[in-house]
Amino acid sequence: KAGVTQTPRYLIKTRGQQVTLSCSPISGHRSVSWYQQTPGQGLQFLFEYFSETQRNKGNFPGRFSGRQFSNSRSEMNVSTLELGDSALYLCASSSQHWSGSNHEQYFGPGTRLTVT
Amino acid sequence: KNQVEQSPQSLIILEGKNCTLQCNYTVSPFSNLRWYKQDTGRGPVSLTIMTFSENTKSNGRYTATLDADTKQSSLHITASQLSDSASYICVVSARITGGGNKLTFGTGTQLKVEL
């Protein structure tokens with residue numbers, strides 16, 4: 001069974017631009033969570049989607065948004081990029097509504113975003 | 001304020017030796033605690049998930065302990081291998097009103113295993 005895939009793997013953008021990242025979960029999984037990872041802040045939870053609905057949200061500004069399609073694939077969008085948005089963006093899938101529950105969660109390799 | 005603190009920040013050990021990583025938390029009400037291993041350039045991989053009623057859980061050479069009274073967890077690695085070189089992240093979930101959980105992440109312990 002294929003794992004979680006994320007595209008693109010690397011991305012360079014300039015301040016003020018917007019970016020869309022994509023995540024394809026493990027086949028059959030309906031929950032996709034997004035995380036931001038930086039050296040200074042570590043891992044931080046962005047949001048979780050389950051069956052096309054946002055179920056949980058972290059403390060990020062409205063510039064960070066996401067959506068999930070009927071095939072469970074998810075996209076994350078960041079508008080008006082800032083230098084501080086440079087990070088590794090990880091997505092993770094789970095077979096059930098996850099939200100920090102005891103269910104297993106599987107991470108993708110991440111998208112490395114650099115904002116210049 | 002919910003917090004998760006991990007120690008040490010970094011650690012270097014010789015191959016074959018054992019080591020113990022610590023995680024102290026102030027998350028409440030406690031739901032579960034996870035240990036993840038993250039290799040450089042890759043996503044985290046779950047090692048163990050522990051709930052309130054569990055105080056020891058093993059996954060191969062990895063053994064996690066949980067003391068819910070003192071709010072401490074440890075991850076013990078036995079007979080370390082070069083492939084154990086990675087960042088180890090402790091994540092604690094707190095139950096929130098209305099259902100679901102809020103996650104609090106530690107900043108990780110960077111482990112390097114040398115010959």
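Structure's up top.
The sections below set out a description of the structure shown in this document. (Residues numbered from 1 in each chain as written. Chains lettered and ligands numbered in written order. Predicted model: local features only at pLDDT ≥ 70, side-chain atom pairs only at ≥ 80, totals over all residues. Heavy atoms only, no water.)

**Side note on the interface of chain A and chain B**
Right, so step 1: Each partner contributes residues to the interface: chain A has 21 residues there, and chain B has 19 residues.
Right, so step 2: At the surface where chain A touches chain B, the tally comes to 1 salt bridge.
Right, so step 3: The partner of A:Glu104 in a salt bridge is B:Arg34, with the nearest N and O atoms 3.9 Å apart.
Right, so step 4: Our enumeration of links across chain A and chain B arrives at 2 residue pairs in polar contact (both at pLDDT 80 or more).
Right, so step 5: Breaking the side of chain A that touches chain B down by element, the ones donating at least two residues are strand E4 (31-38), strand E5 (42-50) and strand E9 (87-94) of chain A.
Right, so step 6: If one sorts the elements of the side of chain A that touches chain B by residue count, E5(A) sits on top with 3 residues.
Right, so step 7: When the residues that make up the side of chain A that touches chain B are grouped by side-chain class, the tally is 8 nonpolar, 11 polar and 2 charged. (Contact = heavy atoms within 4.5 Å. Salt bridge = Lys/Arg side-chain N within 4 Å of Asp/Glu carboxyl O. Polar contact = N/O pair within 3.5 Å; in protein donor to acceptor, adjacent residues only side chain to side chain. Helix = DSSP H or I, 4+ residues; strand = E, 2+ residues; numbered from the N terminus. Nonpolar A, V, L, I, M, F, W, Y, C, P; charged D, E, K, R; others polar.)

**Some points on the sheet that holds strand E3 (residues 19-25) of chain B**
Residue and element names in this part refer to chain B.
Right, so step 1: Spatial strand order, E1-E3-E8-E7-E6: 5 strands in an open sheet with antiparallel pairing. Strand pairing shows two members of the sheet lacking a second neighbour, strand E1 (4-7) and strand E6 (56-59), which therefore form its edges. Going across the sheet, the axis of each strand differs from the next one's by a mean of 15°, ignoring polarity.
Right, so step 2: Judged from the 6 bridges that link them, E3 and strand E8 (residues 72-77) form a sheet pairing that is antiparallel. Within the sheet, the bridge partner assigned to Cys19 lies in E8 and is Ile77. (Pairing = 2+ DSSP bridges. Axes fitted to C-alpha atoms, helices over the stretch in contact; angles between N-to-C directions.)

**Some words on the state of the cysteines**
Residues and elements named next belong to chain B.
Right, so step 1: For the coordinates displayed, the defined rule picks out 2 disulfides over all chains.
Right, so step 2: Of the cysteine sulfurs around Cys19, a residue in no disulfide, the closest is that of Cys23, at 15 Å.
Right, so step 3: Residue classification places Cys19 among the buried residues on the basis of a relative accessible area of 6%. (Disulfide = S-S within 2.5 Å. Buried < 20%, exposed > 50% of the residue type's maximum accessible area, 1.4 Å probe, protein only.)

**Describing the side chain of A:Arg63**
Right, so step 1: As for its position among the elements, A:Arg63 is in the loop between strand E6 (53-57) and strand E7 (64-68).
Right, so step 2: Beyond its immediate sequence surroundings of up to four residues, A:Arg63 is in contact with A:Asn77, A:Val78, A:Ser79, A:Thr80, A:Leu81, A:Glu82 and A:Asp85.

**Thoughts on the pattern of salt bridges**
Right, so step 1: Applying the stated rule across the entire model yields 9 salt bridges over all chains.
Right, so step 2: Notably, a salt bridge pairs B:Arg61 with B:Asp84, separated by 2.8 Å at the nearest N-O pair. Placement of B:Arg61 in the loop between E6 and strand E7 (62-67) and of B:Asp84 in the loop between E8 and strand E9 (86-95) is noted, with a sequence separation of 23 residues between them.
Right, so step 3: Exposure remark for B:Asp84: the relative accessible area of 1% places this residue in the buried category.
Right, so step 4: Its salt-bridge partner being B:Glu114, residue B:Lys112 comes within 3.8 Å of it at the nearest N-O pair.
Right, so step 5: Among the residues examined, B:Glu114 registers a relative accessible area of 32% and is labelled partly exposed.
Right, so step 6: In this structure, a network of salt bridges that share partners links the residues A:Arg63, A:Glu82 and A:Asp85.

**Overview of the packing of aromatic side chains**
Right, so step 1: Counting across every chain of the model gives 8 aromatic pairs over all chains.
Right, so step 2: Seen in terms of ring centroids, A:Phe47 and A:Tyr49 are 5.7 Å apart; in terms of plane orientation they differ by 75°. Their pairing is edge-to-face. The pair A:Phe47 / A:Tyr49 is uniform in exposure class, with both members buried.
Right, so step 3: Where B:Tyr62 meets B:Tyr88, the ring centres are 6.2 Å apart and the plane angle is 45°; that geometry is what we call tilted. You can see B:Tyr62 sitting in strand E7 and its partner B:Tyr88 sitting in strand E9, a full 26 residues away along the chain. In this pair, the class of B:Tyr62 matches that of B:Tyr88, namely buried.
Right, so step 4: Linked through ring pairs, A:Tyr35, A:Phe45, A:Phe107, B:Tyr36 and B:Phe105 together constitute an aromatic cluster.
Right, so step 5: Directly above the ring of B:Tyr62 sits B:Arg61, whose terminal nitrogen or CZ lies 5.7 Å from the centroid. (Phe/Tyr/Trp six-rings, centres within 6.5 Å; stacked < 30°, edge-to-face > 60°. Lys NZ or Arg CZ within 6 Å of the ring centre and 35° of its normal.)

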